[in-house]
Amino acid sequence: MKSAAPQTRGTTDHVAEFSGVSKSYKTGRVKFQALRDVSGRIPRGCTSYIFGPSGSGKTTFLNLLGVIDRPDAGDITILDTPVRTLSDSAAADFRMQHIGYIFQNFNLIPVLNAVENVEYVLLRRDLTRAERRDRASAYLEKVGLGELLKRRPGELSGGQRQRVAVARALVGEPSLVVADEPTANLDSRTTREIVDLMRSMQEELKTTFVFCTHDVDLVTGPGSLVHIVDGQITHMERLS
Amino acid sequence: MIWSIAIRNLLRNGRRSLMTILAIGVSGMAILLFGGFVTSIWYGLQTSIVQEQGHIQIFKRGYQDYGAADPDAYTMDDYPAVIDAILSVPAIREDVAVITPQIQMGGIAGNPEGNSSKAFIGKGVVPSDYNAMRTWDYWAQGTQLAPVPLVDDDPEGAIIGVGMARMIGLCDELNLAQCQDPPTADAPDGPIDEDFSDLVSAELPGTAQEKDGRPRLDLLAASSGGAPNIVSVFVNAAQTQAIRAVDNALIMLTFDQARRLLYGNEPRATLVVVQLKDPTTLSETKGMIAEALEAEGLDMEVLAFNEVDPTFNRVFAMFSFIFVVVSLVLAVVIVFTIINTVTMNVMERVNEVGTVRALGFKRFDVFRQFMAESFLLGLVGALTAMALGIVVSTQFNSAGMQWTPPSNAAPLTLELMVAENLLLVAGTVGFLTLVTVLSSILPATKAIRIPIVRALHYA
């Protein structure tokens, strides 16, 4: 297995910088302004919470941070790379190399078992099949699923699925992991377990975690908080 | 892993995949069965033509174009020299099954018993060679023709078409079923018939009216010198010919008797027929024969059977065209079935496509995944078609049905030669797989064009 250290890129104390970013969506004839002139930085090597009520623009912010969407206006620099101008292919490469993604609905591939789901994101890496399998198994061990490698998503509980998703996000050793309401579909006990898992992984791997939530109970330090309301950052603060 | 995922995705919607595979399989089976039928036509028709006409025919140059108007001028003067020149090449000799001279002619046939006469088309053959040619069955079609009732040591024997027998009034004498002598047979002789009878009496005085119970026919033709000549033949049998015009006029007689009628003792013949042991060498052997004749200074035309008679090419082209049309129609069915299946697969997996792309996979990676699934679907469907085609054709063939193609008098065994035509099977498998893959390009392209964010929130 290769080194488990996160892929480092950039030298600044922040992983991402938003500058005057706006984004709107059109639903039929209705135009919805999701983000308005947003500026701010996401600090490196800690957990950042994008907090706000439903419809506030958290997910849009996260989509832009995860380089799966482009702003209408403004600039975004992630790991010292201006991502707005990346081509579709270059953006895919960037995500593959530097960003891990955890989804609200787990989004595991249903026909693959746990270890295959984790291994899947390593397909485009220069690794042998055995190396891929070893590394995926190791990450599933880290998230406490060492005994369930061969289980398919349909055979796992919601919490177990999200653990697989966490392992999948981390196995590529990204610099940045973005999580879109990763506990929204979990019960409170499982929610706490997943949050604790992500915190422990963040501390162990020193990877920057950014996840959005509307649950204030999850917003506990250390880290930073970005509060978004009506598509604008109302305040940012360090959590200790 | 791409193939593993493809297989699992196909199994995920097992029933849908199965129905798609069956649609491809049944359509492909139809293509294979019809292709097997066309294959059978190709082999069967070629066999029946080669049994009658050989693979290669050698004429004096110009015979095909002008011989009908002036046959004497375009008759080869020394057929043994032609045969010797051909057989002097060891490579040709090894591959020759039969090489034989033939004479084609026209004239007037008279029935002295019925006092009737009629124009005839004559074909002079060496009986033993001609009957040997009729046993040629390289592709084991099981359609060896019965020998014609002519023998070398009875040069006066002949067979005629049933139509000829009817018109010249030999139905009763030959005991032919469903054949009646013409009602005018008893009518008073016309001036031509009278002239013909007078000529025969002068040329062939005292010839018996029949021999061994066989009725006599007198054949009048212009000899090589231009003078009319007459010989008698005794009709062994009447046989139905495929083409009505030929049936109404054919007299097949021995080569010796035909030569006596036209050329006396000169070693002349209209053509030399070559039948090969191995038909796959036709083109090569034809070339070698042309070279051998040229080397001997013999100015001959060397033609393959399908150059002399375009029937084979026309019949085969017709069936090939129908085959292509049927295949295209079935391909359209397959295309819509696959588009439907892949579209449903895509719509169910839009969210998955968004996920995979969010994880850093490119559009092409996703596209390739869909293509792999379609390829497998097409391949399994095509292999199903192959299995169905072979099983159904085997069962069909065991029934031993027969049919008579337009150019034949005798029926051929109706076979669906699927397993025997590997090119057809491989081509159909490839065609079905390709059509399936191509059909999925449109829905797969649509899937990868959906923006990631929209795909992730696709319900």
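What counts, and at which threshold
Residues numbered from 1 in each chain as written. Chains lettered and ligands numbered in written order. Predicted model: local features only at pLDDT ≥ 70, side-chain atom pairs only at ≥ 80, totals over all residues. Heavy atoms only, no water. Helix = DSSP H or I, 4+ residues; strand = E, 2+ residues; numbered from the N terminus. Rg over C-alpha atoms; globule rule 2.2 N^0.38 Å. Buried < 20%, exposed > 50% of the residue type's maximum accessible area, 1.4 Å probe, protein only. Contact = heavy atoms within 4.5 Å. Buried area = accessible area lost by both parts, 1.4 Å probe. Salt bridge = Lys/Arg side-chain N within 4 Å of Asp/Glu carboxyl O. Polar contact = N/O pair within 3.5 Å; in protein donor to acceptor, adjacent residues only side chain to side chain. Nonpolar A, V, L, I, M, F, W, Y, C, P; charged D, E, K, R; others polar. Domains from an automatic or database assignment. pLDDT = per-residue confidence, 0-100. Pairing = 2+ DSSP bridges. Arc of directions from axis to C-beta. Phe/Tyr/Trp six-rings, centres within 6.5 Å; stacked < 30°, edge-to-face > 60°. Lys NZ or Arg CZ within 6 Å of the ring centre and 35° of its normal. Axes fitted to C-alpha atoms, helices over the stretch in contact; angles between N-to-C directions. Expected span 1.5 Å × (residues − 1). Parallel < 35°, antiparallel > 145°, perpendicular 65-115°, else oblique. Core = buried A, V, L, I, M, F, W, Y, C linked by side-chain atoms within 4.5 Å.

Peer 1: How should I be thinking about the overall build of chain B in this particular structure?
Peer 2: Scanning chain B from N- to C-terminus turns up 18 helices and twelve strands. Its C-alpha atoms give chain B a radius of gyration of 32 Å, clearly above 23 Å, the size a compact globule of 459 residues would have. Based on the C-alpha atoms only, the size of chain B along its principal axes is roughly 110 × 55 × 35 Å. Each of the 459 residues in chain B was classed as buried or not, and the buried ones make up 51%. Summarising the internal contacts of chain B: among those between residues at least 6 apart in sequence, 77% fall at separations of at least 24.

Peer 1: Explain the overall build of chain A here, please?
Peer 2: Helices and strands together make up the secondary structure of chain A, namely six helices and ten strands. Its C-alpha atoms give chain A a radius of gyration of 17 Å, within 12% of the compact-globule value 18 Å for 240 residues. Along the longest, intermediate and shortest principal axes, the C-alpha atoms of chain A span 45 × 40 × 40 Å. Buried positions account for 57% of the 240 residues belonging to chain A. Taking all contacts inside chain A whose residues are at least 6 apart in sequence as the whole, residues at least 24 apart take part in 70%.

Peer 1: I keep staring at the interface of chain A and chain B and nothing clicks. Help me out?
Peer 2: Many analyses report the size of an interface as the accessible area lost when the parts associate. The interface is formed by 27 residues belonging to chain A together with 21 residues belonging to chain B. Interface area for chain A against chain B, summed over the two sides, is near 2300 Å², with a carbon-plus-sulfur share of 63%. It is I68, V111 and Y120 of chain A that lose the most area in chain A upon contact with chain B, and together they represent 24% of the buried surface on that side. Across the chain A-chain B interface, the total number found is five salt bridges. Among the ionic pairs, D365 of chain B bridges to R124 of chain A, the shortest N-O distance being 3.9 Å. The tally of links from chain A across to chain B stands at eleven residue pairs in polar contact (both at pLDDT 80 or more). Those elements giving two or more residues to the side of chain A that touches chain B turn out to be α1 (58-65), α2 (88-98) and α3 (114-120) of chain A. Here the side of chain A that touches chain B is built from residues that sort into 13 nonpolar, five polar and nine charged.

Peer 1: What exactly am I supposed to notice about the domain arrangement of chain B here?
Peer 2: Examined at the domain level, chain B breaks down into domain 1 (2-46 + 313-456) and domain 2 (62-298). Summarising the inter-unit geometry, the C-alpha centres of domain 1 of chain B and domain 2 of chain B are found 52 Å apart.

Peer 1: So what exactly am I meant to see when it comes to the confidence of the model for chain B here?
Peer 2: Low-confidence regions, as indicated by low pLDDT, have predicted coordinates that should not be scrutinised in detail. For chain B, per-residue confidence averages 87 on the pLDDT scale, and residues scoring 70 or more make up 92% of the total. The spread of mean pLDDT over the elements of chain B runs between helix α8 (residues 191-203) of chain B, the lowest at 64, and strand β9 (residues 271-276) of chain B, the highest at 96.

Peer 1: What exactly am I supposed to notice about the pairing of strand β6 (residues 214-222) of chain B here?
Peer 2: Looking along a regular strand, one sees side chains alternate from face to face of the sheet. Residue and element names in this part refer to chain B. The element β6 is largely enclosed, with a buried count of eight among its nine residues. As judged from the three bridges shared by strand β2 (residues 96-111) and β6, these two strands associate in the antiparallel manner. The residue of β6 that forms the bridge with I108 is L220. Pairing of β6 with strand β7 (residues 228-239) involves seven bridges; the strand directions are antiparallel. Paired with D218 across the bridge in β7 is S232. Between the antiparallel neighbours β6 and β7 lie five residues, among them G226 with a positive phi of about 100°.

Peer 1: Would you mind going over helix α4 (residues 79-87) of chain B with me for this structure?
Peer 2: What sets the pattern is the α-helix's 3.6 residues per turn: residues three or four places apart point alike. Here α4 of chain B has its buried residues at Y79, V82, I83, A85 and I86 of chain B. Buried residues in α4 of chain B, looked at end-on, bunch into an arc of 160°, giving them a common side.

Peer 1: Can you help me understand the packing of aromatic side chains in this one?
Peer 2: The geometry of an aromatic ring pair comes down to the distance between the two centres and the angle between the two planes. Per the stated rule, a full pass over the model turns up 21 aromatic pairs over all chains. Centre to centre, the rings of Y49 of chain A and F211 of chain A are 5.0 Å apart; their planes meet at 75°, and the pair counts as edge-to-face. Of this pair, Y49 of chain A sits in strand β3 (residues 47-51) while F211 of chain A sits in strand β8 (residues 208-213), placing them 162 residues apart in sequence. By relative accessible area, which is 0% here, Y49 of chain A ends up buried. On the accessibility criterion, F211 of chain A (2% relative accessible area) is buried. Ring geometry for Y79 of chain B against F255 of chain B: centres 5.1 Å apart, planes inclined by 85°, an arrangement best described as edge-to-face. Of this pair, Y79 of chain B sits in helix α4 while F255 of chain B sits in helix α10 (residues 255-263), and the two are 176 residues apart along the sequence. The exposure class of Y79 of chain B is buried, given its relative accessible area of 14%. Cluster of aromatic residues (ring-pair linked, three or more members): W42, Y43, W136, Y138, W139, F305, F312 and F316 of chain B. The cationic tip of K142 of chain A hangs over the ring face of Y139 of chain A; the distance from NZ or CZ to the ring centre is 5.5 Å.

Peer 1: Sorry, what's going on with the sheet that holds strand β7 (residues 176-180) of chain A here?
Peer 2: Pairing between sheet strands relies on hydrogen bonds along the backbone, with the strands arranged either parallel or antiparallel. All names here are of chain A. Reading across the sheet, the six strands line up as β6-β7-β8-β3-β9-β10 and stay open at both edges, with mixed pairing between neighbours. Strands with a single pairing partner mark the edges of an open sheet, and in this sheet they are β6 (99-102) and β10 (232-239). When strand polarity is set aside, the average angle formed by the axes of neighbouring strands in this sheet is 15°. As judged from the five bridges shared by β3 and β8, these two strands associate in the parallel manner. In the strand pairing of β8, T47 is matched with F209. With respect to the sheet, α2 is in contact with β6 and β7, its orientation differing from that of β6 by roughly 80°. Sheet strands in contact with helix α6 (residues 188-205) are β3, β6 and β8, and its direction is about 160° off that of β8.

Peer 1: Explanation requested: helix α5 (residues 158-171) of chain A in the structure shown.
Peer 2: Residues and elements named next belong to chain A. For α5, built from 14 residues, the straight-helix expectation of 20 Å at 1.5 Å per residue is met to within 8% by its first-to-last C-alpha distance of 20 Å. Within α5, eleven of the 14 residues are buried, which leaves the element mostly enclosed by the surrounding structure. Two residues or fewer after α5 comes E173, characterised by a positive phi angle close to 55°.

Peer 1: For this particular structure, what's the right way to read the sheet that holds strand β4 (residues 73-78) of chain A?
Peer 2: All names here are of chain A. One open sheet holds the four strands; their spatial order is β2-β1-β4-β5, and the pairing between them is antiparallel. Single-partner strands in this sheet number two, and they are β2 (30-43) and β5 (81-82). Here ten bridges tie strand β1 (residues 14-27) to β2, and the two strands are oriented antiparallel to one another. By the bridge assignment, E17 is partnered in β2 with R41. Along the sheet, α1 makes contact with β1, β2 and β4, crossing β1 at roughly 120°.

Peer 1: Sorry, what's going on with the packing of helix α2 (residues 14-53) of chain B against helix α13 (residues 311-348) of chain B here?
Peer 2: Any two packed helices are characterised by the angle at which their axes cross and by the distance between the axes. Residue and element names in this part refer to chain B. Between α2 and α13, the shortest axis-to-axis distance is 10 Å and the interhelical angle comes to 170°. Relative to α13, the element α2 lies roughly antiparallel. Residue classes in the contact of α2 with α13 are distributed as 22 nonpolar, nine polar and two charged.

Peer 1: Help me understand the nonpolar core in this model?
Peer 2: A general tendency of soluble globular proteins is for nonpolar side chains to be buried together. In this structure, I42, I50, L65, I78, I102 and L140 of chain A are the most contacted members of the largest nonpolar core, which totals 110 residues. With near-sequence residues (within four places) excluded, L140 of chain A lies in contact with A114, V115, V118, L145, G146, L149, V164 and A167 of chain A. I92, L261, V315 and V425 of chain B belong to the second largest nonpolar core, which has 75 residues in total.

Peer 1: How should I be thinking about the pattern of salt bridges in this particular structure?
Peer 2: Side-chain pairing between opposite charges can occur once the charged atoms of the two side chains come close. Tallied over the full model, the rule gives 29 salt bridges over all chains. When the shortest N-O distance is used, the salt bridge between K286 of chain B and E307 of chain B registers 2.9 Å. A residue pair is termed long-range when its members are at least 10 positions apart, and K286 of chain B in helix α11 (residues 282-295) and E307 of chain B in helix α12 (residues 305-308) qualify at 21 residues. Connected through salt bridges with shared partners, the residues D93 and R124 of chain A together with K362, D365 and R368 of chain B form a single ionic network.

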